[in-house]
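Okay, here's what each chain looks like letter by letter:
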Amino acid sequence: MTATELEPGLHVIVAPNPSPMTGRGTNTYLIGGTDIAVIDPGPMIMSHLAAILEALEPGQRISHILVTHSHLDHSPLARPLAETTGAPVLAAGPSDWGRSPVMQALARDDRIGGGEGIDEGFVPDRQLVHGSLLHGDGWQIETLETPGHMANHLSFGWAGALFSGDLVMGWSSSLISPPDGDMTAFYASLARLRARGDRVYYPGHGDPVTAPQDRCEALVAHRRARETAIMDALSRAPADTAALAGRIYTDTPAALLPMAERNILAHLIDLTERNLVEPLGPMNAKATFALR
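Residues numbered from 1 in each chain as written. Predicted model: local features only at pLDDT ≥ 70, side-chain atom pairs only at ≥ 80, totals over all residues. Heavy atoms only, no water.

**Student:** Tell me what's going on with the sheet that holds strand 5 (residues 61-66), and back it up with residues and numbers.
**Tutor:** Taken together, seven strands build an open sheet; the order of strands is 1-2-3-4-5-6-7 and the sheet is mixed. Each end of this open sheet is capped by a strand with a single partner; those strands are strand 1 (4-7) and strand 7 (126-127). For strand 3 (residues 27-31) and strand 4 (residues 35-39), the ladder comprises three bridges, and the chain directions are antiparallel. When the bridges of strand 4 are listed, Tyr29 appears paired with Ile39. Each of strand 4, strand 5 and strand 6 (89-91) touches helix 2 (residues 78-85); the most contacted strand, strand 5, lies at about 150° to it. (Pairing = 2+ DSSP bridges. Helix = DSSP H or I, 4+ residues; strand = E, 2+ residues; numbered from the N terminus. Contact = heavy atoms within 4.5 Å. Axes fitted to C-alpha atoms, helices over the stretch in contact; angles between N-to-C directions.)

Right under this line is the structure:
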């Protein structure tokens, strides 16, 4: 685990947590020359903490610890890093922050499950809002609220680049699992990013995204295609998420079908809010849905 220079003033260290959901592992980014901003310290792996500290050169100090979102592969190491360096942890809010009223109601009634991989104890030292600017020696970082993959998801703009967390990745689409994941918010966040002129995205996992606007458009097209497939399946008969996943995700390994069901549930909640489908009974994770 060594730091790799991506461009002047920017290095990445890949955490040793490879998996089907994380690719090679979580990307931890270090920005700056004297004052170092760390984006996504990563999972609770002490060797990764050591790698971050060992990447510092004489005269450098960690001044800011930024967290895109509080999943267990991104945020747990933030607190040990803060205790070691004295730098504050900065994020949108704790793990239950920022849910829409619809998602708040579903979470309160415990009707749709979810909570996969959440860092339940995460609390930042300071909450960031959309448009917040952070400054260090020779750099400025802009905060963008980009919910969708998770309600407290942020992206960060720096020198024409965007750190996109798990919202936009080149190697995979994002898991969107309600009530923390929100398909309606996901579409809105992609529209927000497409309207910008960022030259490259540095994602939470995988390689840089060098054609970011094209990737945003491709992700929207991918989700709209899933939406169409769901509507087509429901036009033949009402179905629940398990049945829909079996019909739509035909090339997905069986071990990943539960995640596919969560994505479909996110679509169904969005489609319900748009009055295109409806649950046949109370909204919950096992509900059967039909076209309106």
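**Student:** Can you lay out the pairing of strand 10 (residues 154-158) for me, pointing to particular residues and giving the numbers?
**Tutor:** Most of strand 10 is tucked away, with five of its five residues classed as buried. Both faces of strand 10 are covered, namely the face carrying Leu154, Phe156 and Trp158 and the face carrying Ser155 and Gly157. The sheet contact formed by strand 10 and strand 11 (residues 161-165) spans three bridges and is antiparallel. Bridged to Trp158 within strand 11 is Ala161. The antiparallel pairing of strand 10 with strand 11 creates a hairpin that spans two residues between the two strands, and Ala159 there sits at a positive phi of about 50°. (Buried < 20%, exposed > 50% of the residue type's maximum accessible area, 1.4 Å probe, protein only.)

**Student:** Before we move on, can you summarise the layout of surface pockets with the specific residues and values?
**Tutor:** Its boundaries defined by the atoms lining it, the largest pocket holds a volume of some 670 Å³. Lining the largest pocket are 27 residues, and of these Pro20, Met21, Ser172, Ser173 and Leu175 sit closest to its centre. Sorting the residues of the lining of the largest pocket by element identifies helix 5 (212-236) and helix 7 (257-273) as the ones contributing at least two each. Along the lines of polarity and charge, the residues of the lining of the largest pocket split into 10 nonpolar, 12 polar and five charged. If you add up the space inside the second largest pocket, you get close to 170 Å³. Together, 16 residues line the second largest pocket, and Asp96, Arg99, Gly115, Glu120 and Asp180 are the ones closest to its centre. Of the residues in the lining of the second largest pocket, the class split is six nonpolar, four polar and six charged. (1 Å grid on protein atoms, 1.4 Å probe; cavity = no way out; pocket = protein on both sides within 12 Å on 5 of 7 lines; lining within 4 Å. Points joined across faces, edges and corners; volume = space filled by probe spheres on them. Nonpolar A, V, L, I, M, F, W, Y, C, P; charged D, E, K, R; others polar.)

**Student:** Outline the nonpolar core, listing residues and values.
**Tutor:** In terms of nonpolar packing, the biggest core is built from 22 residues, with Ile230, Leu234, Leu244, Ile264, Leu268, Ile269 and Phe289 touching the most fellow members. Only helix 3 (101-108), helix 5, helix 6 (241-248) and helix 7 provide two or more residues apiece to this core. In terms of residue count, helix 7 provides more of this core than any other element does, six residues in total. Of all hydrophobic cores here, the second largest spans 20 residues; its members include Leu90, Leu128, Trp158 and Phe163. (Core = buried A, V, L, I, M, F, W, Y, C linked by side-chain atoms within 4.5 Å.)

**Student:** For the side chain of Ser70, give the residues involved together with the corresponding values.
**Tutor:** Inspection of the secondary structure assignment puts Ser70 in the loop between strand 5 and helix 2. On the basis of relative accessible area, Ser70 is assigned to the buried category, the value being 0%. Separated by 2.7 Å, the side chains of Ser70 and Ser95 make a polar contact. Among all residues touching Ser70, those that are not within four sequence positions of it are Ser75, Pro94, Ser95, Gly117, Ile118, Asp119, Phe122, Met150 and Asn152. (Polar contact = N/O pair within 3.5 Å; in protein donor to acceptor, adjacent residues only side chain to side chain.)

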